[in-house]
Amino acid sequence: MDGNFTGMNATLIKAQFNFNVTKKISQISVDQVDEIVIGKIQEHHFGLVITRRLSISQIDQVLAEAVFNVRIDTDNTETSSSITQKIKDGMPILGNVFSRISLVISQITSQSPYGPIITVPSYDKNKVVVRVFQEETE
């Protein structure tokens, strides 16, 4: 495991696709956005929600989306800023999750008119969107 990470559990919570493309396109250009939302942080673990969205740039429409809920166990208590920094530095422990995301995306896009779309089984630490989940207060 990475540094102070002692374990991980990842669950697919959403796999969605949209192949209702009415515009004929002979060659597509696919845009990919990876987003990691830092959720609840507790003493020896924290949660992440990891989303990959693919869209066709010519028609600005989401083609496929995969979302995983991830729990990472750790030796000590992390903060949202320390987790954000580790994600931006590259977290090898997330490699397994992004490999699974890539597999799910290729499986669901295999039924598209464009055939399977294979994405990189990792995230670009310079392009990933990292947010901290803020619970609403009344």
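The structure we're discussing is the one just above.
Let me begin by describing the structure that accompanies this report. Throughout, residues of each chain are indexed from 1 in the direction in which the sequence is written. pLDDT decides what is reported in this predicted model: residues at 70 or higher carry local features, side-chain atom pairs at 80 or more are listed and counted, and totals for whole chains, interfaces and linings draw on all residues regardless. To get the side-chain values, all heavy atoms of the structure are used, and hydrogens and water are removed first.

**Here we look at the pattern of salt bridges**
The following threshold applies: The salt bridge definition used is simple: a Lys or Arg side-chain nitrogen within 4 Å of an Asp or Glu carboxyl oxygen. Under the DSSP-based scheme used, a helix requires at least four consecutive residues in state H or I and a strand at least two consecutive residues in state E, with every element numbered from the N terminus. Note on classification: 1.4 Å probe, protein chains only; a residue is buried when its accessible area is under 20% of the maximum for its type, exposed when over 50%, partly exposed between these limits.
One pass over the full model with this rule turns up seven salt bridges. Two residues, Lys14 and Glu65, come together in a salt bridge whose shortest N-O distance is 2.9 Å. On the criterion of sequence distance, the pair formed by Lys14 in strand β1 (residues 5–17) and Glu65 in strand β4 (residues 61–74) is long-range, its members being 51 residues apart. Look at Lys14 and you get partly exposed, because its relative accessible area is 34%. On the basis of relative accessibility, which here comes to 8%, the residue Glu65 falls in the buried class.

**Here's the deal with the packing of aromatic side chains**
We count it as follows: To pair, rings of Phe, Tyr and Trp, with the six-membered ring standing in for Trp, must have centres within 6.5 Å; the planes then decide the type, stacked if under 30 degrees apart, edge-to-face if over 60, and tilted in the middle.
Going through the model one piece at a time under the given rule, you end up with two aromatic pairs. Both rings, one in Phe5 and one in Phe46, keep their centres 6.0 Å apart while their planes meet at 65 degrees; by these two values the pair is edge-to-face. With Phe5 in strand β1 and Phe46 in strand β3 (residues 45–56), the pair connects residues that are 41 residues apart, well separated along the chain. With a relative accessible area of 7%, Phe5 lands in the buried category. Accessibility expressed as a relative area gives 1% for Phe46, which makes it buried.

**So, helix α2 (residues 95–109)**
Under the convention used in this document: In a helix, the anticipated span is given by 1.5 Å times the number of residues less one. By definition in these notes, contact holds between two residues if any of their heavy atoms fall within 4.5 Å.
With 15 residues, α2 should cover 21 Å at 1.5 Å per step; its first-to-last C-alpha distance of 21 Å lies within 8% of that length. Tucked inside the fold, the buried residues of α2 contact β1, β2 (30–42), β3 and β4.

**Quick notes on the pairing of β3**
The following threshold applies: Pairing between strands is defined by DSSP: at least two bridges between them are needed.
In terms of burial, β3 is largely enclosed, as ten of its twelve residues are buried. Taken together, the eleven bridges between β2 and β3 define a ladder with antiparallel strand orientation. Paired with Asp31 across the bridge in β3 is Ser55. Here β2 folds back onto β3, and the loop between the two strands holds two residues. Pairing geometry for β3 and β4, over twelve bridges, is antiparallel. Each bridged residue has a counterpart across the sheet, and for Thr51 the counterpart in β4 is Val67.

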